[in-house]
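Chain by chain, the residues:
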Amino acid sequence: MPSKPRVSLIKTPPPGPESRRLIAREEGLFPHGAYGTMEDRFFIALRASGSLIEDVDGNRFIDFGAGWATNNVGNCNPEVVEAVHAMMKESGVVCWTSAANSAQRLQLAEKLLAVCPKSTNKVLFLTTGTEAVEAALRIMRRASGRPFILSFFGQYHGLSYGAMAAGPLQADLREDVAPLVNGFLYAPYPYAYRTLLRSRSGGPGRATLDYIEEILLTYEVPASRIAGVLVEPVVGEAGVWIPPDDFLPGLRALCDRHGWYLCIDEVQSGFGRCGKMWALEHWNVEPDLLVIGKGLSGGSMPIAAVAGRGEMMDKAEAFLAGTYAGHPASCAAGMKTIEIIYRDRLLEYAAELGAYGLRRLQEMKEKYPIIGEVRGKGLWLAAELVTDRETRAKNFEAAAAINRLCLANGLYYIHDSISWFVRIQPPLNIERSLFEQGLDILEDAVGKVSSGR
């Protein structure tokens, strides 16, 4: 069948005049660095629909960012918007004493737990993924009576003090936080392309597990003082790191051996992003706690959650709440989002389209030497850029140049100053023709930068 016509995207070279005018106003309104840097600003968004974003100058951009995986069912999904609108007419903020709860919280709890790992049977609602991480940290510590949490270099868990201390994404992002928050120890994530660890009995996954047992438990903290492990099944912000197949099962075994809780942070990797409802399903691992956010919202009202083993959550007896936690409209959005994902078979579609996208990236790698590695699960893909394939030196300059060319031609994806890679995570229901058009724009940019044009 004939291919669909290409979508018209750019009317005025971005940043257009209205974007430039508004960008100039930002410096006087917002603290420096709060929303990125003015030097990197390329457009001011006005509206979004499906897999397209429109700026104030009428330019459109194919959305390969999906709001950091909040918009997994598309920007402004009309069914989610209608569910939120209907609930807003019925109920406002639910912030009562113990005299009452809301029917919507109960309904979403049942629907969410029905699609969570079978090891989880209770759930706690919060507002953001950061809050959910903080709640999970408290639950593990209080339920175990132990102070330490094991985390991994390269992970990102949020911007609060506890979450930033738990996620050492980059040293200068947390230098003011690290001296003030105790109770964490860290191991290298088994990022096969770059890890320096080697194992006597296996690959990088085994090497990290050996490091924990032979180094951390010997020289840092005894096993009896560790409450649990906080891990991303796929590391997102550092460049979509896919762990070796033995890592998460090995981590589960390590937790069982030492009496630790296993907390898996699926804020960004969950809700179909990796081609299954939860990324952990790729490795058949059952968590004690599951941190949920972003995609649960359907791209609308903020909501997050922690699902877990009821006995440990009850044992913690931690008062964890928030003014907007489990807002009825947020619960309505969550219920509708779950319905859409399964009804429209978005898990299967994301796996299929992601496999196509990964093949395209592999073909680009064969043609362009600035790509050192490509990787991905489902519709979460990355191409790592290097100055030399032998040394694997990170190529920040190429990453920035490719990003600028993509934006100039109508493709948006998440990029910042710490990115030496291209990260692809569109809405799970993006039209195939639009996905292909976005990859064509990307390949054109990679080709130009690779050839020095």
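Scroll up for the structure.
Draft legend 1. Region of interest: the overall build of the protein. Of regular secondary structure, the protein possesses 13 helices and 14 strands. Since a compact globule built from 453 residues should have a radius of gyration of about 22 Å, the 22 Å found for the protein is in line with a globular shape. Counting only C-alpha atoms, the protein reaches 60 × 60 × 50 Å along its principal axes. Counting only residues that meet the buried cut, the protein has 56% of its 453 residues in that class. Taking as baseline every contact in the protein between residues at least 6 positions apart, the subset at least 24 positions apart corresponds to 72%. For the protein, the accessible surface area stands at approximately 19600 Å², while carbon and sulfur atoms represent 53% of it. Of the side chains in the protein, 48 bear a positive and 52 a negative charge, and the two mean positions are spaced by 1 Å.

Draft legend 2. Up close: the sheet that holds strand β6 (residues 184-188). Strands sit in the order β4-β10-β9-β8-β7-β5-β6 across an open sheet of 7 strands; the sheet is mixed. One side of each edge strand has no neighbouring strand; the edge strands of this open sheet are β4 (122-126) and β6. Here the strands of the sheet are splayed against their neighbours by 20° on average, with no regard to which way each runs. Pairing of strand β7 (residues 226-231) with strand β8 (residues 261-265) involves 4 bridges; the strand directions are parallel.

Draft legend 3. Broad picture of the packing of aromatic side chains. Enumeration according to the criterion identifies 13 aromatic pairs in this entry. With a centroid separation of 4.0 Å and an interplanar angle of 15°, the aromatic rings of Tyr 191 and Trp 241 are classed as stacked. Here Tyr 191, found in the loop between β6 and α7 (204-220), pairs with Trp 241, found in the loop between β7 and α8 (247-258); they are 50 residues apart in sequence, far enough to count as distant. Each member of the pair Tyr 191 and Trp 241 is classed as buried. With centroids separated by 5.1 Å and ring planes inclined at 80°, the aromatic side chains of Trp 420 and Phe 421 adopt a geometry described as edge-to-face. One exposure class covers both Trp 420 and Phe 421, and it is buried. Ring-pair connections join several aromatic residues into one group, and the members of that group are Phe 152, Tyr 189, Tyr 191, Trp 241 and Phe 247. Seen from the ring of Trp 420, Lys 394 lies directly overhead, with NZ or CZ sitting 4.0 Å from the centre. Here Arg 432 stacks its cationic end above the ring of Tyr 356, 4.2 Å away from the centre of that ring.

Criteria and thresholds
- Residue positions are given per chain, counting from 1 as you read along its sequence in written order.
- Totals for whole chains, interfaces and linings use all residues, but because this is a predicted model, local features are given only for residues with pLDDT of at least 70 and pairs of side-chain atoms are given and counted only at 80 or more.
- Remark: hydrogens and water are excluded; side-chain values derive from all non-hydrogen atoms of the structure.
- Think of it this way: any DSSP run of H or I at least four residues long counts as a helix, any run of E at least two long counts as a strand, and we number them from the N terminus.
- What the globule rule says is 2.2 Å times the number of residues to the power 0.38, and the radius of gyration is computed from C-alpha atoms.
- Working definition: with a 1.4 Å probe on protein chains only, accessible area under 20% of the residue-type maximum means buried, over 50% means exposed, and in between means partly exposed.
- What makes two residues a contact is simply this: any of their non-hydrogen atoms within 4.5 Å.
- Using a 1.4 Å probe, the Shrake-Rupley method yields the accessible areas, and only the shown protein chains count as cover for residues.
- In this tally, Asp and Glu contribute negative charge and Lys and Arg positive charge; neither His nor the terminal groups of the chain are included.
- Charge positions are represented by NZ for Lys, CZ for Arg, CG for Asp and CD for Glu.
- Paired strands, in this sense, are two strands between which DSSP finds at least two bridges.
- A fitted line through C-alpha atoms serves as each axis, taken over the contacting stretch for helices, and the angle formed by two N-to-C directions is quoted from 0 to 180°.
- Centre distance within 6.5 Å is the pairing criterion for rings of Phe, Tyr and Trp, where only the six-membered ring of Trp is used; planes under 30 degrees apart are then read as stacked, over 60 as edge-to-face, and the remainder as tilted.
- Remark: a charge is flagged as sitting over a ring if the NZ atom of Lys or the CZ atom of Arg is within 6 Å of the ring centre and within 35 degrees of the ring normal.

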